[in-house]
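# Reading the structure
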Amino acid sequence: MGSFQGHTLPGSLFLLAGIWWTGKYSLWHATRRNKSLGSTRFASRTSQRRVEILESSLVLFLSFVGMVCEQFAANGPKLHLYDFAEKHWEQLHIWQHTTMYLFFSLAAIVSLIIHTTEAAPVALDRLMLAIAFFNEGFLFLYHLHGRAMLDVHVHQLLLYAVFGGGLVSFLEVFHRGNITLELLRCTLTILQGTWFWEIGFVLYPPSGTEWDLKDHNTMMFVTMCYSWHLTIAMLVVGVLYCTVSCVVRSRLKRTPPMEMGLLKPREPDAESEDEVF
């Protein structure tokens, strides 16, 4: 991750995850709110389970790609942790990045087990996601020793989004299906993604024009940029939520009442969706 591309890769993954989660949770919430109009056909229990399986499989694959890229990219450690000849550790910062991807892959594996079998409680997927976020935060917290002032500052700002995402995911263990918590996690995940890109531009500018890493005014500007990133993340989540809700309700209004009656599932099944998903 010690390059521009090394920061844009996880940034893109977190950004896509945040946008995907926003659309998914907005759709499911809209269908629950309008189930009296027959909207549960848009997101039945079976289709939700399939989406969870597909999502977990994709997260597992992308996490594996991230680990491979970190280890085998140019100047990567290539799975060598310690150089016994020179008696020193091999690029521990790369190993920390690999460990970050490892924990998200573990969260994806647990989610796959939960949604393909009955071997584990449903809430365990949120708990593993919270652990993955907290692990990411702890790795970056002890990743900054000896760095320049601005380098430390941009990573410390990242930690607010990381630990915030972990805390919200942990709260979802006990309040599953709470749309406020879900959208807050989406916002913090998008913030992570855009801020990874910002870190790449600050520390490894593609234009070649380097930032002054010791200037206090630069730190003040970067802090203001973080607030702008948060604003953009909230706007993206808000616009997506409103758009999905309006589209769902608009489609339902155009659906003939007789068709909605035929397609509407039994009431107990619709209620069970809120408990499981």
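Data block above holds the structure.
Keep in mind that this is a model prediction, so the values were computed, not measured. (Residues numbered from 1 in each chain as written. Predicted model: local features only at pLDDT ≥ 70, side-chain atom pairs only at ≥ 80, totals over all residues. Heavy atoms only, no water.)

### Some remarks on the pattern of salt bridges
The test is simple: Salt bridges, as used here, are contacts in which a Lys or Arg side-chain nitrogen is within 4 Å of a carboxyl oxygen on Asp or Glu. Only DSSP runs of H or I reaching four residues or more are called helices, and only runs of E reaching two or more are called strands; each is numbered from the N terminus. Under the scheme applied here, a residue whose accessible area is under 20% of the maximum for its type counts as buried, over 50% as exposed, and between as partly exposed, the area being computed with a 1.4 Å probe on protein chains only.
Counted by the stated rule, this structure contains seven salt bridges. Of the charged contacts, one joins Asp-125 and Arg-176 as a salt bridge, the two residues approaching to 2.9 Å between their closest N and O atoms. With Asp-125 in helix 4 (residues 124–141) and Arg-176 in the loop between helix 5 (149–174) and helix 6 (179–203), this residue pair connects regions lying 51 residues apart in the sequence. Residue Asp-125 is classed as buried on the basis of its relative accessible area of 5%. Judged by relative accessible area, Arg-176 falls into the buried class, the value being 17%. Taking the shortest distance from any N to any O, the salt bridge between Asp-151 and Arg-147 comes out at 3.2 Å.

### What to know about the packing of helix 1 (residues 4–33) against helix 2 (residues 45–72)
Our working definition: To obtain each axis, a line is fitted to C-alpha atoms, and for helices this fit is confined to the stretch in contact; angles are then taken between N-to-C directions over 0 to 180 degrees. Orientation labels follow simple angle bins: below 35 degrees gives roughly parallel, above 145 gives roughly antiparallel, 65 to 115 gives roughly perpendicular, and whatever is left gives oblique. Contacts are residue-level and defined by heavy atoms, with any inter-residue pair within 4.5 Å sufficient.
Contact geometry of helix 1 with helix 2 gives a least axis separation of 11 Å together with a crossing angle of 175°. With respect to each other, helix 1 and helix 2 are oriented roughly antiparallel. From helix 1, Gly-6, Leu-9, Leu-13, Trp-20, Trp-21, Lys-24 and Trp-28 reach across to helix 2, where they touch Gln-48, Val-51, Glu-52, Glu-55, Leu-62, Gly-66, Cys-69 and Glu-70.

### Section: unusual backbone geometry
If you check the backbone angles, Leu-79 has positive phi at about 70° while not being a glycine. Among the residues examined, Leu-79 registers a relative accessible area of 54% and is labelled exposed. Positive phi values are uncommon outside glycine, yet Gln-91 reaches one of about 45°. Mapped onto the fold, Gln-91 is located in the loop between strand 2 (88–89) and helix 3 (92–116). The exposure class assigned to Gln-91 is partly exposed, which follows from its relative accessible area of 26%.

These results come straight from atomic positions and should not be treated as a statement about function.
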